[in-house]
Amino acid sequence: MYDMASKESLLSELKSMGILNLTVLDAIQNTPRELFISAEKLNQAYENIPLSINCDQTISQPYIVAKMTELLIGERALPLSKILEIGTGSGYQAAILSQLATQIYTIERHDLLYKKSKKLFSELNYQNIHLKHDDGFKGWQAHAPYDGIIVTAAPSEIPLALLNQLSENHGRMVIPVGNKLNQELKLIIRKDPQKYDIKNIESVKFVPMLSGKK
Ligand code: SAH
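So, here is what we can say about the structure in this document. (Residues numbered from 1 in each chain as written. Predicted model: local features only at pLDDT ≥ 70, side-chain atom pairs only at ≥ 80, totals over all residues. Heavy atoms only, no water.)

## Here's the deal with the pattern of salt bridges
For the structure shown, the criterion picks out 7 salt bridges. In this structure, Asp134 and Lys138 form a salt bridge, with 3.1 Å as the shortest nitrogen-oxygen distance. A salt bridge links Arg190 to Glu168; its shortest N-O distance comes to 3.8 Å. One end of the pair, Arg190, is in strand β8 (residues 183-192); the other, Glu168, is in the loop between α6 (160-164) and β7 (171-178), with 22 residues separating them in the sequence. (Salt bridge = Lys/Arg side-chain N within 4 Å of Asp/Glu carboxyl O. Helix = DSSP H or I, 4+ residues; strand = E, 2+ residues; numbered from the N terminus.)

Below, the structure written as structure tokens:
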């Protein structure tokens, strides 16, 4: 079984790794990661490692979730208005984000994962998370523009539709880009309609972003 001690030690580990945003640390504190993983992994719920979920996919390492969330927010006042996530997976990242923005939109290409997360969000009463079973390469135009777009699978290039759906007023996108072996986490800030600042943050390893629904 997991225990509170392991949750506390995860939080101090994240702080020692440079996660400083107190709102992000609070969101991790308040989110029951044990409910987003499979029962046989329960004792590892608060270890700082990625874990496998269904359909050959993974729930990211808590450090990566925290880091990406911190980058997505930047110095902006909370809550943000709208965030788009590509790759719902277990739903854990969306659950964290739901505490930092008014509305969360999240897209998953795998029907089974989409259905599981939808059920879990309704059981846990996360009312501001909206899910769609679709190919995230297209984004979700109906609710654009987004203050933040977070991509949790790695495309080989930054998808154009996502760049277009980012707010022109300092919208921020956090996205791993690269091939199976070599990916770079990037932070993109849309300074005005035509101008995007792109910064490399660190090397990461995500599952590939794949086209089409499954
Ligand atoms: N954010 C997730 C991590 C998910 S792993 C969590 O917190 O658990 C990456 C997910 O991206 C997988 O579930 C995978 O099926 C999904 N994915 C890959 N390509 C996609 C695409 N084009 N559109 C939507 N989801 C995609």
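## Comments concerning the pairing of β8
A large share of β8 lies buried, amounting to 7 of its 10 residues. Two elements, β7 and β8, share 8 bridges in a ladder whose sense is antiparallel. For Ile175, the partnering residue across the bridge sits in β8 and is Lys186. Following β7, the chain reverses through 4 residues before pairing antiparallel with β8. As paired strands, β8 and strand β9 (residues 195-204) are joined by 9 bridges and run antiparallel to one another. Within the sheet, the bridge partner assigned to Gln183 lies in β9 and is Val204. (Buried < 20%, exposed > 50% of the residue type's maximum accessible area, 1.4 Å probe, protein only. Pairing = 2+ DSSP bridges.)

## Observations concerning the packing of aromatic side chains
In the structure shown here, the tally under the stated rule is 4 aromatic pairs. Centroid distance Phe36 to Tyr92: 5.7 Å. Interplanar angle 70°. Geometry classified as edge-to-face. On the criterion of sequence distance, the pair formed by Phe36 in the loop between α2 (22-30) and β1 (51-52) and Tyr92 in helix α4 (residues 92-97) is long-range, its members being 56 residues apart. Tyr92 sits in the buried class, given a relative accessible area of 1%. Note on Tyr105 and Tyr146: the rings are 6.0 Å apart at their centroids and 65° apart in plane angle, and the pair reads as edge-to-face. One end of the pair, Tyr105, is in strand β4 (residues 101-108); the other, Tyr146, is in the loop between β5 (129-133) and β6 (148-151), and 41 residues separate them in sequence. Each member of the pair, Tyr105 as well as Tyr146, carries the same accessibility label: buried. Grouped by ring-pair contacts, the aromatic residues Tyr105, Trp140 and Tyr146 constitute a single cluster. Against the face of Tyr92 rests Arg33, its NZ or CZ located 5.7 Å from the ring centre. (Phe/Tyr/Trp six-rings, centres within 6.5 Å; stacked < 30°, edge-to-face > 60°. Lys NZ or Arg CZ within 6 Å of the ring centre and 35° of its normal.)

## Quick word on helix α3 (residues 62-73)
If you check α3, its first and last C-alpha atoms are 17 Å apart, about what 12 residues at 1.5 Å a residue would give, namely 16 Å. Counted residue by residue, α3 has 12 buried out of 12 residues, so it is predominantly covered. Immediately beyond the C-terminal end of α3, within one or two residues, lies Gly74, with a positive phi of roughly 65°. (Expected span 1.5 Å × (residues − 1).)

## Description of the site of the ligand
Around the ligand, a shell composed of 27 residues is seen, among which Glu85, Ser90, Glu108, Gly136 and Leu210 lie nearest. Gly87 is positioned with one of its backbone polar atoms (N or O) 2.9 Å from a nitrogen atom of the ligand. One of the backbone N or O atoms of Leu210 is found 2.6 Å from a nitrogen atom in the ligand. Relative to its free-state accessible area of 580 Å², the ligand is covered by the protein chains to the extent of 99%. Mapped onto the shell around the ligand, the elements with two or more residues apiece are β2 (58-59), β3 (80-86), α4 and β4. The residue makeup of the shell around the ligand, split by class, is 11 nonpolar, 11 polar and 5 charged. (Near = heavy atom within 4 Å. Polar contact = N/O pair within 3.5 Å; in protein donor to acceptor, adjacent residues only side chain to side chain. Areas by Shrake-Rupley, 256 points an atom, 1.4 Å probe, with all protein chains shown as cover. Nonpolar A, V, L, I, M, F, W, Y, C, P; charged D, E, K, R; others polar.)

Function-wise, these values are silent; they only describe arrangement.
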